[in-house]
Amino acid sequence: PSTQTPGDTERISAQLWDIAGHLSGESLTSMFYRSALGMACVCDVSRPATLEAVLKWKRGVDEKVVLPDGRDSPIPAILIVNKVDLASPQSPVDAEGLDAFCRTHGFKRWFGVSAKTGEGVEDAFVALVDIVRGVVANFPADDDGSATGREGEDETSLKVLDSEDTSGRCCR
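Residues numbered from 1 in each chain as written. Predicted model: local features only at pLDDT ≥ 70, side-chain atom pairs only at ≥ 80, totals over all residues. Heavy atoms only, no water.

Q: Requested: an account of the nonpolar core, with residues and values cited.
A: Judged by nonpolar contacts, the single largest core of 36 residues is most densely connected at I75, I78, L79, I80 and F107. Of all elements in the fold, only β3 (39–44), α2 (50–64), β4 (77–82), α3 (95–105) and α4 (121–137) reach the threshold of two or more residues within this core. In this view, F107 contacts C41, V54, L55, K58, A77, I78, L79, F101 and C102; residues no more than four positions away in its chain are not counted. (Core = buried A, V, L, I, M, F, W, Y, C linked by side-chain atoms within 4.5 Å. Buried < 20%, exposed > 50% of the residue type's maximum accessible area, 1.4 Å probe, protein only. Helix = DSSP H or I, 4+ residues; strand = E, 2+ residues; numbered from the N terminus. Contact = heavy atoms within 4.5 Å.)

Quick look at the structure:
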């Protein structure tokens, strides 16, 4: 999908891949993340154990994918906390805890979303695109003057890694 934010004159194309539930972290192949410049990892607020699954995905990608910035930096990642529509005041996942989790594990920030209602979904992905745009803007220019850092590529590629097994369905 392509998106334009209000007041923006630049069109961004992003590829979003939901690969969790189809592959384990160990069998993640390069075809799914080859040109990734950003990552969104999804956990389930009603199942705090999914934060561990997110860490497994992020560690695996951090080991295999780096930015073409000459410094081998990991690709930027955001944490998407799904099912906020089901969260209760007794939820074991809170904002302060998520802030600390993101700082500790290298996520740029986190977003509470509801796949069911759509709440927060667009905000999360627009923010990820903005983060990637900022990263790409700091790449050294290629011979053709572009700042993609990857020869011959003219689009920013984003990959989505979802820690929830949806068994082929969009949402639970």
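Q: Account for the side chain of S73, with residues named and values stated.
A: Within the fold, S73 resides in the loop between α2 and β4. Of the polar contacts made by the side chain of S73, one reaches the side chain of D69; its length is 2.7 Å. When sequence neighbours within four positions are dropped, the list of residues in contact with S73 reads V66 and L67. (Polar contact = N/O pair within 3.5 Å; in protein donor to acceptor, adjacent residues only side chain to side chain.)

Q: Tell me what's going on with the packing of aromatic side chains, and back it up with residues and numbers.
A: Using the criterion set out here, one finds 1 aromatic pair in the structure. Aromatic pair F101 and F107: ring centres 5.9 Å apart, planes at 20°, arrangement stacked. In this structure F101 comes out as buried when scored by relative accessible area, which is 12%. Since its relative accessible area comes to 5%, F107 is described here as buried. (Phe/Tyr/Trp six-rings, centres within 6.5 Å; stacked < 30°, edge-to-face > 60°.)

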